[in-house]
Amino acid sequence: MRWYQKIPIKVEKINGGIFLEKKSGKILKNKTILVGLFIGLLVVGTVWASSGGAHWGYEGEDGPANWHTLSPDYALCGSGTEQSPVNIAGFDASSLSDLNLNYKATGGKVLNNGHTLQVSLEPGSTLTVDGEEYDLLQFHFHTVSENTIAGKHYPMEIHFVHKSSAGGLAVISVMVEEGSSNTAIKPIVNLLPTAAGEENVLDEAFNPETLLPSDKSVYRFMGSLTTPPCSEGVKWHVAKEPIGMSKDQIASFAHIMGDNFRPTQREIGAAEGQSGGSTGIAAIVVILLVAAGLVVYLKKK
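The notes below deal with the structure included here.

All right, on to the environment of G223 then. Structurally, G223 is set in strand β15 (residues 217-224). For the pair G223 and A170, spaced 53 residues apart in sequence, the C-alpha separation works out to 9.6 Å. When neighbours within four sequence positions are excluded, G223 is seen to be in contact with E82, S84, S231, E232, G233, V234, W236 and R266.

Written as structure tokens, this is what we have:
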């Protein structure tokens, strides 16, 4: 006798439907419901297995060099053409632009997500890029800096992540150099969660603009997220001037996060500054293709 023959149920047809029934006579489930549940579980399992939740880190087999192998969702980490971070080289003054900000003091939380220390603020702060408004979602920290300027790493880098109503992403990057104590960062330093998953509520409203340099000139280029899934099409704005923090303040972040930076993926210069690099190249390719097509057409005539 097989295992399913030992189950105390019987099968009956009722109005064309097949039902499973206990020997007591109480109807359990319609077969179609069971099939539906089975399919539902199968779908949930598939989604869970490929949800992009594959573990990644900053060293060893889960490190940046292997991100693209950890999940199909991370493929761009290895095959992308506009990957970040970058080494910024060759920019001149004409390549710089100013930030169009409307930052406000709002409440928020400081989270240790296992990869970085992240400050999530309540809505109210925005960045406008090319006439489109982006809402500030959060800002987080990397030690050492991910982007480099003329090949130079800074002790820390802050990424301010924004999102438009259309789903586009824009990031402001601010380098942090060692200097005197920074008053603006103290409320955050005092609440840094040391354990992954831990979260602390800010004691008072915080204005993120206090962590930006007075000179709002930035290098602009198109890039990607610097963590999996490494999505491209991100509008990057790297501040030309760094801000300062004391050695101890920087160490407070580094002690918790460790080395949480992705190595630079490419180098960009002035030719890619304002236009975003690949956009300009794509335009040139299109023009050349059109010209070639026109030549072929004229020869046939």
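The next point concerns the nonpolar core. The nonpolar side chains of a soluble globular protein tend to be buried, and buried together. Residues F139, F141, I158, F160, I188, L211 and F253 are the most contacted members of the largest nonpolar core, which totals 36 residues. In this structure L211 touches F139, I158, F160, V174, N182, A184, I185, I188, F206 and I243, once residues within four positions along its chain are discounted. Formed by 15 residues, the second largest nonpolar core is a distinct cluster that contains L96, M175, Y219 and W236.

Here the focus is the packing of aromatic side chains. As enumerated under the stated definition, the model contains nine aromatic pairs in all. Judged by centre distance (6.5 Å) and plane angle (35°), the ring pair of Y103 and F160 falls under tilted. Taken together, the residues Y103 in the loop between β6 (101-102) and β7 (108-112) and F160 in strand β12 (residues 156-164) connect sequence positions 57 residues apart. The exposure classification of Y103 matches that of F160, with both residues buried. A connected cluster of aromatic rings, assembled from ring pairs, spans Y103, F139, F141, F160, F206 and F253.

Should the sulfur atoms of two cysteines be covalently bonded, the bond is a disulfide. In total, this model carries one disulfide according to the counting rule given. Note that C77 is cross-linked by a disulfide to C230, the S-S spacing being 2.1 Å. Its S-S torsion of about 90° marks the bond between C77 and C230 as right-handed, since a negative value means left-handed. Of this pair, C77 sits in helix α3 (residues 76-79) while C230 sits in the loop between β15 and β16 (232-239), placing them 153 residues apart in sequence. The same class applies to C77 and to C230, which are both buried.

Here we come to the pairing of strand β8 (residues 117-121). Summarising burial for β8: four of the five residues are buried, a large majority. Note: β7 against β8, five bridges, orientation antiparallel. Note that in β8 the partner of N112 across the bridge is L117. Here β7 folds back onto β8 in antiparallel fashion, the turn holding four residues, of which G114 has a positive phi close to 90°. In this structure, β8 lies alongside strand β10 (residues 132-142), joined through three bridges in antiparallel fashion. Paired with S120 across the strands is Q138, a residue of β10.

The strands making up a sheet associate through backbone hydrogen bonding, with each pair oriented either parallel or antiparallel. Spatial strand order, β11-β4-β18: three strands in an open sheet with parallel pairing. Two strands close off the open sheet at either side, each with one partner strand: β11 (148-149) and β18 (266-268). Where strand β4 (residues 86-88) lies against β11, two bridges are found, and the strand directions are parallel. The partner of N87 across the bridge, within β11, is T148.

Turning to its location among the elements, T126 is positioned in strand β9 (residues 126-129). A residue is classified by how much of its surface remains accessible, and T126, at 7% relative accessible area, is buried.

What follows concerns the pairing of β9. The two faces of a sheet get side chains in turn, since along a regular strand they alternate between them. Pairing analysis gives two bridges linking β6 to β9, with the strands arranged antiparallel. In the sheet register, L101 faces β9, and the bridge partner there is L127. Across four bridges, β9 lies against β10 in antiparallel orientation. What sits directly across from T128, in β10, is E133. Hairpin connection, β9 to β10: the antiparallel pair is bridged by two residues, and D130 has positive phi, about 50°.

What counts, and where the lines are drawn
- Positions within a chain are numbered from 1, following the residues in the order the chain's sequence is written.
- Local features in this predicted model are restricted to residues of pLDDT 70 or higher, and side-chain atom pairs are both shown and tallied only at a pLDDT of 80 or more, whereas totals for entire chains, interfaces and linings draw on every residue.
- Side-chain calculation: all heavy atoms of the structure are included, whereas hydrogens and water are not.
- Segments assigned H or I by DSSP are reported as helices when at least four residues long, segments assigned E as strands when at least two residues long, and all are numbered from the N terminus.
- Throughout, a contact is declared for two residues whenever any of their heavy atoms are within 4.5 Å.
- To qualify as a nonpolar core, a set must consist of buried Ala, Val, Leu, Ile, Met, Phe, Trp, Tyr and Cys residues joined through side-chain atoms within 4.5 Å.
- Between buried and exposed lies partly exposed: a residue is buried under 20% and exposed over 50% of the maximum accessible area for its type, with that area taken using a 1.4 Å probe on protein chains only.
- Pairing of aromatic side chains requires ring centres within 6.5 Å, counting the rings of Phe and Tyr and the six-membered ring of Trp. Pairs whose planes differ by under 30 degrees are stacked, by over 60 edge-to-face, and all others tilted.
- Cysteine sulfurs are considered disulfide-paired once they come within 2.5 Å of each other.
- Strands were regarded as paired on the criterion that DSSP finds at least two bridges between them.

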